[in-house]
Protein chains: 2
Amino acid sequence: MTYAIGIDFGTESGRAVLVDCADGRELATAVHPYANGVIDECLPGPDDDVELADDWALQDPDDYVAVYREAVPALLAETGIDPAHVIGVGIDFTACTMLPTTADGTPLCRLDEWRRNPHAWVKLWKHHAAQPEADLVNAVAEERGEPWLERYGGKISSEWFVAKSLQILREAPEVYERADRLIEAADWAVWQLTGVETRNSCTAGYKAMWSKRDGFPGNDYFAALDPRFEHVVDEKMSRDIVPLGTRAGGLSEQAAAWTGLLAGTAVAVANVDAHVSAPAVTVTEPGSMVAIMGTSICHILLGHEPAVVEGMCGVVEDGVVPGLFGFEAGQSAVGDIFAWFVDRCVPPEEHEAAARRGLGVHAYLEQEAAKLEPGESGLLGLDWWNGNRSVLVDAELGGLLVGMTLQTRPAEIYRALIEATAFGTRVIVDAFRSAGVGIDRIVACGGLPERNKLLMQIYADVTGLEYVVAASKQAPALGSAMFGAVAAGAVRGGHNSVVDASRSMAPPSGEAFRPEQSASAVYERLYPEYVRLHDLFGRDGDSVMKNLRTIRASVEARRRNRE
Amino acid sequence: MTYAIGIDFGTESGRAVLVDCADGRELATAVHPYANGVIDECLPGPDDDVELADDWALQDPDDYVAVYREAVPALLAETGIDPAHVIGVGIDFTACTMLPTTADGTPLCRLDEWRRNPHAWVKLWKHHAAQPEADLVNAVAEERGEPWLERYGGKISSEWFVAKSLQILREAPEVYERADRLIEAADWAVWQLTGVETRNSCTAGYKAMWSKRDGFPGNDYFAALDPRFEHVVDEKMSRDIVPLGTRAGGLSEQAAAWTGLLAGTAVAVANVDAHVSAPAVTVTEPGSMVAIMGTSICHILLGHEPAVVEGMCGVVEDGVVPGLFGFEAGQSAVGDIFAWFVDRCVPPEEHEAAARRGLGVHAYLEQEAAKLEPGESGLLGLDWWNGNRSVLVDAELGGLLVGMTLQTRPAEIYRALIEATAFGTRVIVDAFRSAGVGIDRIVACGGLPERNKLLMQIYADVTGLEYVVAASKQAPALGSAMFGAVAAGAVRGGHNSVVDASRSMAPPSGEAFRPEQSASAVYERLYPEYVRLHDLFGRDGDSVMKNLRTIRASVEARRRNRE
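A brief structural summary. Each residue is numbered by its place in its chain's sequence as written, counting from 1. Going through the entries in the order they are written, you letter the chains from A and number the ligands from 1. Per-residue local features are limited, in this predicted model, to residues with pLDDT of at least 70; the limit for side-chain atom pairs, both in listing and counting, is 80 or more; totals at the level of whole chains, interfaces and linings are taken over all residues. Computation of side-chain values: all heavy atoms of the structure, hydrogens and water removed.

### A look at the overall build of chain A
Step number 1: The helix and strand tally for chain A stands at 20 helices and 22 strands.
Step number 2: By principal-axis analysis of the C-alpha atoms, chain A measures approximately 65 × 55 × 50 Å.
Step number 3: Two residues qualify as a contact provided that any one of their heavy atoms is within 4.5 Å of a heavy atom in the partner residue. Considering only contacts within chain A whose residues lie at least 6 apart along the sequence, 72% involve residues at least 24 apart. The helix and strand labels rest on DSSP assignments: H or I over at least four residues marks a helix, E over at least two residues marks a strand, and numbering proceeds from the N terminus.

Right, here's the structure in full:
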């Protein structure tokens, strides 16, 4: 018997799973919440007088190490498995989540001298304060006709590596100067296991404009962004990009001590939570789109050919499964919108009614919302509470809800918010199809599908596609374990390719949701109205939504000047 | 010493005030809530299995009689004043609030045979189910080029007398047939006091298309709406319209027994809550607009000349003050929107925070909202939760809110809703001005101004006009008392005209809110965005908002067919 461990570094916690390399059976799971969670108001601990602006989101890298020290030993303790039988470890991470470190990988925020500077900390994927830098990245790329731009749907996100790095340079040049390395947290986490810095092809391809054929954009492009930025790749990053499925190295003595595993155990190069999920949910061929549905949605789709798709996050050759082009698209907030609604907009009466039924508020609202028919509330929303990733690539958009009356009830709004996110998915599906990338069905994983059947049915009805729910409740961690097994190789009881690993280790899919005719018919009438709002507020540079942000920014600037 | 009693029949209760005819001093007030309140889900009592559709709003006429029986005696008991010194009674009412009765004034809903038919009950002003009839009223009037149409801003509301009457005819012809009289609740309430049916010029002019010079529309117009409707004026109404300020009659023996007043006491012809407020808040001349701010807002403005103003509710010669043209405009929901928000959208944490400060939720949210600067929330709304009266005259419009983020807090939404209603007022002010009807300042009365200083300041900042708050907390009741004093006449210790009464009895205005320069500057940037949304969603017959209502209506129709 051989086993692999997969570790999924999420937004709020890290999750480790121990699986059987033969059949993918999950023997144990351990979750370790990050002590400092998402840092979005002020720095943690004694530095809480350092406040962060609205669009900031940081993390503490020590929270990641704590996952190794707490969750992995818990797996071994729970199962009693001999560490010698654990042949490989794989990890996946949110991305782009990045940090500045010294040459030996020490995060700058761990140093007394730098810890009070917010730019010394980990910038989490949903840190959106680098929009001005993203605007510059895009404007300069367009002006220069950079050929890589179309691989990213024509627009680079403020979430990505170059925008975040450039923000450090422009706002905290002393931090940029001190940083020997600027690195994805995914690669940093592998570095902590192996003691050796590696850079994986997935984050490099999807988040840092690297491609297998052309490498990174040229130094002259980076210089055009800022003369000090010219040599960022050579000085702070690396041109040595390692393909997914490679062994990054063996477990270091220190990491062995943290985890209880044997030194030398195979460690896979880092992966991204969404991309690593595809093999875990049986998807290693074109036609099935993976939807990782949680606080946000990430869509992964495979194709035999490259294609230009509006607003996709990226297309990377070998970026998900070797031999295929991996397309990624995304919705910046989904579960987050429902959580916002439940936290901030549900009155005491509804909480009490939920308690009387012995339900949580989400489950209660789902029950109530399920009693409604499509179109019955008269409400329609734009799901842009956290901006829009695909297809508009604009973090500065905001949410919209239209049609409220004095009779409108919370369950109606809750359903309208679910529908809005489903329409958001439909726009993405349509964009892929009109670019010639086929989608036959959607395989859903993440936290939302198992918890919310109404949501799954609405998504099926709105897209007209079958949604199947992945059997694994922890697809990223399982996928990471698969890559751990591949890092070890068949000769040690693992697998020689991720396609092999998926065939052996991915459980068959679970519940299926098929479009229901009469509901779909109403959504076919509502969807064009969604598209009208989408284009009206999202595509017009002078839209009310954009002007509101401009006005807000000038009010905030005036306030800062006064203070 | 002589006294007059004014009785204001509101949406939820009746309010009686006893005032000194010499100086308007308010000696006592008594409020009597309607036992059946607003009937908008099912009929009351044993008939609660009769359900009402969404847009319905009924009342029980016996609740009005209860105000006479409870509130008026309470005034006398509290003050100990000799009923012989009470020289006059005036009343005002919401409008158009109307009911079908027998020839002797018995409401049909009081009869066993009819009580289970919703059309036999009082249709409250905010009953909006007669929109198809209003559409017909407008279409036929436009087609025929009816000259009176422009007096009503080019469009008749579903709230008004002819639409409501036509709804009875079309949906319940048996009720229409049985009704000897179709009458404003205002006139019915005076009938209950005097035993004699009268019809006042204010409701006839503002709600039933009557004018001093031309009378009602012709029978051929009514016939064009429906052949059975041809003689509605002669058969169910009256062409004998009595001007405001007239004595309707003397108190009947029965009403004397109910109220404790002397039989024969002068009773004024009925008035409307908004219009009757003008003299009570010192407004008897052009230039000052009265804003009666409560669940909705009614705007009253005087002019020397008639004018065509987009979407105004009406212009009626002698409709407010004899010798002047009285203009009316309105916003269908204001306080109602804030109440909806507090009831349905404020989470337990905010309720608890309010309680910790010893505040109600409204007051707490106002404190929090006051900490924000204009434009800071990035939110903007359309205040159409109950449709739009002026200037669009479309009850089927819905609310809109744009700009939400995952950080948006309830106090930000609360402020955005206040601002949306202020922008709604600004549109009305602009419409009057561009029609040449000047506005120099606004005199505010009703429930909102005294409770919500932030709201008053926002309204001043948004309109750029000074708002002064009327000193009387109960302007309609005071205004009604003035008309009671006028019905008695100077010879009996009252007054000979409402201008005289206002000069003697209206208290000088209270707190003033002047536009604050820097806030106004931001609102000058936000207002054009509001106007864009307003025109986009309100003026385009194919707007998303209108299509949502169409889809909703077809879903509801399908459901009804299934049931």
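There is more to say after this.
### Description of the interface of chain B and chain A
Step number 1: At the interface, 65 residues of chain B touch 65 residues of chain A.
Step number 2: Counting each side, the surface lost to burial between chain B and chain A is near 5,300 Å², with a carbon and sulfur contribution of 58%.
Step number 3: Summed over the three residues of chain B that lose the most area to chain A, namely B:R344, B:L406 and B:L548, the buried surface amounts to 14% of that side.
Step number 4: Think of a salt bridge as a Lys or Arg side-chain nitrogen and an Asp or Glu carboxyl oxygen that are within 4 Å of each other. If you look at where chain B meets chain A, you find twelve salt bridges. Computed with a 1.4 Å rolling probe, the buried area is the accessible surface lost when two parts are put together, summed over both parts.

### Some details on the packing of aromatic side chains
Residues and elements named next belong to chain A.
Step number 1: Pairing of aromatic side chains requires ring centres within 6.5 Å, counting the rings of Phe and Tyr and the six-membered ring of Trp. Pairs whose planes differ by under 30 degrees are stacked, by over 60 edge-to-face, and all others tilted. Within the structure shown, the criterion is met by 43 aromatic pairs over all chains.
Step number 2: The interplanar angle of 15 degrees and the centroid separation of 4.7 Å between the aromatic rings of F9 and F93 together place this pair among those described as stacked. You can see F9 sitting in strand 1 (residues 3-9) and its partner F93 sitting in strand 5 (residues 86-93), a full 84 residues away along the chain.
Step number 3: In this scheme, a residue with accessible area under 20% of its type's maximum is buried, one over 50% is exposed, and one in between is partly exposed, where area comes from a 1.4 Å probe on protein chains only. For F9, a relative accessible area of 0% gives the class buried.
Step number 4: For F93, a relative accessible area of 0% corresponds to the buried category.
Step number 5: Note that K236 overlies the ring of Y176, its terminal NZ or CZ placed 4.6 Å from the centroid. Our definition puts a charge over a ring when NZ of Lys or CZ of Arg is within 6 Å of the ring centre and also within 35 degrees of the ring normal.

### A closer look at the relation of the copies chain B and chain A
Step number 1: When the copies are overlaid, the least-squares fit takes in C-alpha atoms only where the residue has pLDDT of at least 70 in both copies. Each copy of the sequence occupies a distinct position, and chain B is placed on chain A by a rotation of 180 degrees and an axial shift of 0.1 Å, giving an RMSD of 0.1 Å. Such a combination of turn and shift is consistent with a two-fold rotation axis.
Step number 2: Looking at the interface residues of chain B, 100% of them are also at the interface in chain A, so both copies use one shared face.

### Comments concerning the environment of A:S504
Residue and element names in this part refer to chain A.
Step number 1: Among the secondary structure elements, S504 is positioned in helix 18 (residues 498-505).
Step number 2: Taking C-alpha positions, S504 is 47 Å from W114, a pair spaced 390 residues apart along the chain.
Step number 3: Setting aside anything within four residues of it in sequence, one finds S504 in contact with A22, D23, G24 and H495.

### Focus: the pairing of strand 5 (residues 86-93) of chain B
Residues and elements named next belong to chain B.
Step number 1: By the criterion of burial, strand 5 is predominantly enclosed, with eight of the eight residues buried.
Step number 2: Sheet topology places strand 1 (residues 3-9) next to strand 5; seven bridges connect them, and they run parallel. Considered in strand 5, the bridge of F9 is made with F93.
Step number 3: Two strands pair when backbone bridges link them, and strand 5 and strand 12 (residues 266-268) are joined in this way by two bridges, in the parallel orientation. Residue V89 lies in a different strand from strand 12, and its bridge partner there is V267.
Step number 4: With two bridges joining them, strand 5 and strand 13 (residues 271-272) adopt parallel strand pairing. Following the sheet pairing, D92 is matched in strand 13 by N271. For two strands to be treated as a pair, DSSP must find no fewer than two bridges joining them.

### Remarks on the environment of B:L149
Residues and elements named next belong to chain B.
Step number 1: Secondary-structure assignment places L149 in the loop between helix 2 (131-144) and helix 3 (161-171).
Step number 2: L149 gets classed as buried once you look at its relative accessible area, which sits at 8%.
Step number 3: For the pair L149 and A186, spaced 37 residues apart in the sequence, the C-alpha separation amounts to 24 Å.
Step number 4: Residue contacts for L149: discarding those within four places in its chain leaves N138, A141, E142, G154, K155 and I156.

### Details of helix 3 (residues 161-171) of chain A
Step number 1: Taken across its eleven residues, helix 3 of chain A has nine buried, putting it largely inside the fold.
Step number 2: Within the span of helix 3 of chain A, buried status applies to A:F161, A:V162, A:A163, A:K164, A:S165, A:L166, A:Q167, A:I168 and A:L169.

### Some words on the pattern of salt bridges
One side chain can pair with another of opposite charge once the charged atoms of both are near each other.
Step number 1: In the structure shown here, the tally under the stated rule is 72 salt bridges over all chains.
Step number 2: Note that A:D180 and A:R178 form a salt bridge whose closest N and O atoms lie 3.4 Å from each other.
Step number 3: For A:R178, a relative accessible area of 31% corresponds to the partly exposed category.
Step number 4: Residues A:E529 and A:R532 are paired through a salt bridge, measuring 3.1 Å at the closest nitrogen-oxygen approach. Here A:E529 pairs with A:R532, and both are found in helix 19 (residues 517-538), just three residues apart, close to one helical turn.
Step number 5: Classification of A:E529 as buried rests on a relative accessible area of 8%.
Step number 6: Accessibility expressed as a relative area gives 30% for A:R532, which makes it partly exposed.
Step number 7: Connected via shared salt-bridge partners are A:E373, A:E376, B:R558, B:R559 and B:R562.

### Some details on the side chain of A:T198
Step number 1: Structurally, the position occupied by A:T198 is in the loop between helix 5 (185-194) and strand 9 (199-200).
Step number 2: Among all residues touching A:T198, those that are not within four sequence positions of it are A:D187, A:V190, A:A248 and A:V269.

### A short note on the sheet that holds strand 18 (residues 380-382) of chain A
Step number 1: Here we have four strands laid out as an open sheet, ordered 18(A)-19(A)-19(B)-18(B), and antiparallel in their pairing. Both edges of this open sheet fall to strand 18 of chain A together with strand 18 (380-382) of chain B, since each of them pairs with a single strand only. Across the sheet, the axes of successive neighbouring strands diverge by a mean angle of 10 degrees, strand direction being ignored.
Step number 2: Pairing between strand 18 of chain B and strand 19 (residues 399-404) of chain B: three bridges, direction antiparallel. In the strand pairing of strand 19 of chain B, B:L380 is matched with B:V402. Helix axes use the C-alpha atoms of the stretch in contact, all axes being lines fitted to C-alpha atoms, and the angles between their N-to-C directions lie in the range 0 to 180 degrees.

### Some details on the packing of helix 12 (residues 348-356) of chain B against helix 13 (residues 361-370) of chain B
All names here are of chain B.
Step number 1: Viewed as axis vectors pointing N to C, helix 12 and helix 13 meet at an angle of 90 degrees, and their least axial separation amounts to 9 Å. Overall, the two elements helix 12 and helix 13 adopt an arrangement that is roughly perpendicular. Counting all contacts with helix 12, which are made through E350, H351, A353 and A354, the residues of helix 13 involved are V361, Y364 and L365.
Step number 2: Amino acids are sorted into nonpolar (Ala, Val, Leu, Ile, Met, Phe, Trp, Tyr, Cys and Pro), charged (Asp, Glu, Lys and Arg) and polar (every other residue, Gly among them). The class makeup of the residues in the contact of helix 12 with helix 13 is five nonpolar, one polar and one charged. Put simply, angles under 35 degrees are roughly parallel, angles over 145 are roughly antiparallel, angles from 65 to 115 are roughly perpendicular, and the rest are oblique.

### Describing the packing of helix 14 (residues 410-434) of chain A against helix 16 (residues 453-463) of chain A
Residues and elements named next belong to chain A.
Step number 1: One way to put it is that helix 14 packs onto helix 16 with a least axis distance of 9 Å and a crossing angle of 45 degrees. One element, helix 14, and the other, helix 16, form an angle in the oblique class. Helix 16 is crossed by helix 14, and the crossing has right-handed handedness. Contacts between helix 14 and helix 16 involve R415, I418, E419, T421, A422, F423, T425 and R426 from the former and L454, L455, I458, Y459, V462 and T463 from the latter.
Step number 2: In the contact of helix 14 with helix 16, the residues fall into eight nonpolar, three polar and three charged. Two helices crossing with the near one rotated counterclockwise from the far one by less than a right angle form a left-handed crossing, whereas a clockwise rotation gives a right-handed crossing.

By themselves, these observations are geometric and do not establish any function.
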